[in-house]
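# Tertiary structure, described
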Amino acid sequence: MKKELLLEIENQISALGISVTTGEKTDLTIDAELLDASFSTGKKKIKYEAMILLDEAEKAVRMYEKTTELSAGVSFGMSGETSFQSGSTLMRKVKSVQYGPEGKVFEYNFDLGAISKAVKGAAKEHGWSFKTVILKKNAMYR
């Protein structure tokens, strides 16, 4: 039953265009660089990481997520972020258009909540509970 759920989660996340790997410290790991833009007056990177652990004893899926943004230099533009809570899951959308002296440098629009929503949906479909954890160690093998 755990194997079917793992495969379902992998398929759901892959359908979003994000790579999932089997982890050494947890069941599934996501390590994605969502943006890596360099321009004449600066640079910006957005990195997303997640760990997904399936606890067979509790029939629970535990998920840890972290987004890191690094910016340097000067750019002008518009950024927006919306987030809302659905049960215990925080859904987050980020959107930005940035300009440098050479014109439009980059534009992105990510629905980060879609990842946890896909995992939660797969868990519920298989009769498992879903928990978002704040500490990375709570989504790792003990």
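You'll find the structure just up there.
Residues numbered from 1 in each chain as written. Predicted model: local features only at pLDDT ≥ 70, side-chain atom pairs only at ≥ 80, totals over all residues. Heavy atoms only, no water.

Take the pattern of salt bridges next. In this structure the tally under the stated criterion is 6 salt bridges. Between lysine 2 and aspartate 27 there is a salt bridge; the shortest N-O distance is 3.4 Å. Taken as a pair, lysine 2 in helix α1 (residues 2–15) and aspartate 27 in the loop between β1 (21–22) and β2 (28–39) lie far apart in primary sequence, 25 residues in all. The salt bridge partner of glutamate 58 is arginine 62, with a shortest N-O separation of 3.4 Å. Overall, arginine 62 belongs to the buried group, its relative accessible area being 9%. It is possible to trace a salt-bridge network through shared partners that takes in Asp55, Glu58, Arg62 and Lys131. (Salt bridge = Lys/Arg side-chain N within 4 Å of Asp/Glu carboxyl O. Helix = DSSP H or I, 4+ residues; strand = E, 2+ residues; numbered from the N terminus. Buried < 20%, exposed > 50% of the residue type's maximum accessible area, 1.4 Å probe, protein only.)

In an α-helix, one turn spans 3.6 residues; hence positions three or four apart end up facing the same way. With 13 residues, helix α2 (residues 113–125) extends 18 Å from end C-alpha to end C-alpha; this agrees with the ideal 18 Å at 1.5 Å per step. Taken as a whole, α2 has its buried residues at Gly113, Ile115, Ser116, Ala118, Val119, Ala122 and Ala123. Positive phi shows up at glycine 127, right after α2, with a value of about 80 degrees. (Expected span 1.5 Å × (residues − 1).)

Looking at where alanine 50 falls in the secondary structure, it is placed in strand β3 (residues 42–55). When the C-alpha positions of alanine 50 and leucine 28 are compared, they lie 8.2 Å apart, and in sequence the two are 22 residues distant.

What follows concerns α1. Its 14 residues give α1 an end-to-end C-alpha distance of 20 Å, which sits within 8% of 20 Å, the value for a rise of 1.5 Å per residue. When we look at burial in α1, the residues that qualify are Lys2, Leu5, Leu6, Glu8, Ile9 and Ile13. In an axial view of α1, the angular spread of the buried residues amounts to 160 degrees, which keeps them on one side of the axis. Within α1, the exposed residues directed more than 90 degrees away from the buried face are Lys3 and Ala15. Where α1 terminates, the next one or two residues include glycine 17, which has phi positive at roughly 85 degrees. (Arc of directions from axis to C-beta.)

Attention shifts here to the pairing of β2. Here β1 pairs with β2 via 2 bridges, running antiparallel. Bridged to threonine 21 within β2 is threonine 29. In textbook terms, the turn of a hairpin is the stretch between consecutive antiparallel strands, and for β1 and β2 this stretch comprises 5 residues. In this sheet, β3 lies alongside β2 in antiparallel orientation, the contact comprising 11 bridges. By the bridge assignment, glutamate 33 is partnered in β3 with lysine 47. The turn joining β2 and β3, which pair antiparallel and follow one another in sequence, is formed by 2 residues. (Pairing = 2+ DSSP bridges.)

Judged by nonpolar contacts, the single largest core of 27 residues is most densely connected at Ile9, Ile13, Ile30, Ile52 and Val61. Taken together, the elements giving at least two residues each to this core come down to α1, β2, β3, β4 (60–73), β7 (103–111) and α2. Residues in contact with valine 61, not counting those within four places in the same chain, are Leu5, Ile52, Leu53, Leu54, Val119, Ala123, Trp128, Ser129, Phe130 and Lys131. Of all hydrophobic cores here, the second largest spans 5 residues; its members include Met51, Tyr64, Val133 and Ala139. (Core = buried A, V, L, I, M, F, W, Y, C linked by side-chain atoms within 4.5 Å. Contact = heavy atoms within 4.5 Å.)

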